Amino acid sequence: MLECLMPMLRRAAQAQALPTDTRRAAGLDTVARDCTGRLRAIVARQLRAADDWSIAWIGCGCDLCATLETFLASRSRRVLEWPLAKDGRRHVHTRIDSAGLPVLHQTRRQGRPYTLVLTKTEQLFTREQTARRQAEADLTWLTSTWNTLPAGPR
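Throughout what follows, the structure given in this document is the object of discussion. (Residues numbered from 1 in each chain as written. Predicted model: local features only at pLDDT ≥ 70, side-chain atom pairs only at ≥ 80, totals over all residues. Heavy atoms only, no water.)

1. Let's talk about the packing of helix H3 (residues 28–44) against helix H6 (residues 123–145)
Keep this limit in mind: Lines fitted to C-alpha atoms define the axes, with helix axes restricted to the stretch in contact, and inter-axis angles between N-to-C directions lie between 0 and 180 degrees. To qualify as a helix, a DSSP run of H or I must reach at least 4 residues; to qualify as a strand, a run of E must reach at least 2; elements of each kind are numbered from the N terminus. Angle categories: roughly parallel below 35 degrees, roughly antiparallel above 145, roughly perpendicular from 65 to 115, and oblique for all the rest. With the far helix as reference, a near helix turned anticlockwise by less than a right angle produces a left-handed crossing, and one turned clockwise produces a right-handed crossing. Note on contacts: a residue pair is in contact if any heavy atoms of the two residues lie within 4.5 Å.
Interaxial distance between H3 and H6 falls to 9 Å at its minimum, and their mutual angle equals 140 degrees. When the interaxial angle is binned, H3 and H6 end up oblique. Every pair of crossing elements has a handedness; the one defined by H3 and H6 is left-handed. Touching Ala-32, Cys-35, Thr-36, Leu-39, Arg-40, Ile-42 and Val-43 of H3 are Ala-131, Arg-132, Ala-135, Glu-136, Asp-138, Leu-139, Leu-142 and Thr-143, all from H6.

Structure below.
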């Protein structure tokens, strides 16, 4: 949501200082306050430990997704070698790709069924670090630009 709302607020702020009543009528102050709360929540999150490889994800409810969910939730397990038939591999590939999970998926074509090898990647850490830096920058800009926001803790 922030990816849509922050650019809107930045454009509105660039549009020759809107009068306060115009901003309120358009609901921009409410949007800015909501974004401030969301950004503060991101910034307040505890940093991920260097050895925490867990990924929060919920699948479709099938047995394959339950196995994937268990693997992803593990703080220490980085690789899963999973003998799986073609349709199962396709389902897991689709779930990983559609959720944009930081997991590499490759098929080892030996034996029957082939083995799906899932590997959690460093993107897990870099994405969170990037998101946190962006949240900090957006929060700084938001609180300095939209002066109608309550002070509150930062």
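From this point, the narrative continues.
2. Points about the packing of helix H1 (residues 2–14) against H6
Helix packing geometry: the angle between the two helix axes and the distance between the axes. Stated formally: Put simply, Ala, Val, Leu, Ile, Met, Phe, Trp, Tyr, Cys and Pro go in the nonpolar bin, Asp, Glu, Lys and Arg in the charged bin, and everything else, Gly too, in the polar bin.
Closest axis-to-axis distance for the H1/H6 pair is 12 Å, and the angle between their directions is 35 degrees. As H1 packs across H6, the resulting crossing turns out to be left-handed. Facing Met-6, Leu-9, Arg-10 and Ala-13 of H1, the residues of H6 in contact are Asp-138, Trp-141, Leu-142 and Thr-145. By residue class, the composition of the contact of H1 with H6 is five nonpolar, one polar and two charged.

3. Here we look at H3
The condition is simple: Multiplying 1.5 Å by the residue count of a helix minus one yields the expected span of that helix. Partly exposed residues are those whose accessible area sits between 20% and 50% of the maximum for their type, while under 20% is buried and over 50% is exposed, using a 1.4 Å probe and protein chains only. The directions from the helix axis to the C-beta atoms form the arc being described.
Between its first and last C-alpha, H3 extends 24 Å over 17 residues, near the 24 Å set by a 1.5 Å rise per residue. Residues of H3 that are buried: Leu-28, Asp-29, Ala-32, Cys-35, Thr-36, Leu-39, Arg-40, Ile-42 and Val-43. Taken around the axis of H3, the buried residues stretch over an arc of 155 degrees, which confines them to a single face.

4. Topic: the side chain of Asp-52
Here is the rule: Polar contact is defined as a pair of N or O atoms within 3.5 Å, subject to the rule that within protein one atom must be able to donate a hydrogen and the other to accept it, and that residues adjacent in sequence are counted only when both atoms are side-chain atoms.
The topology assignment puts Asp-52 in the loop between H3 and helix H4 (63–73). Side-chain polar atoms of Asp-52 contact the side chain of Ser-54, separated by 2.6 Å. Apart from residues lying up to four places away in sequence, Asp-52 is in contact with Arg-75, Leu-124 and Phe-125.

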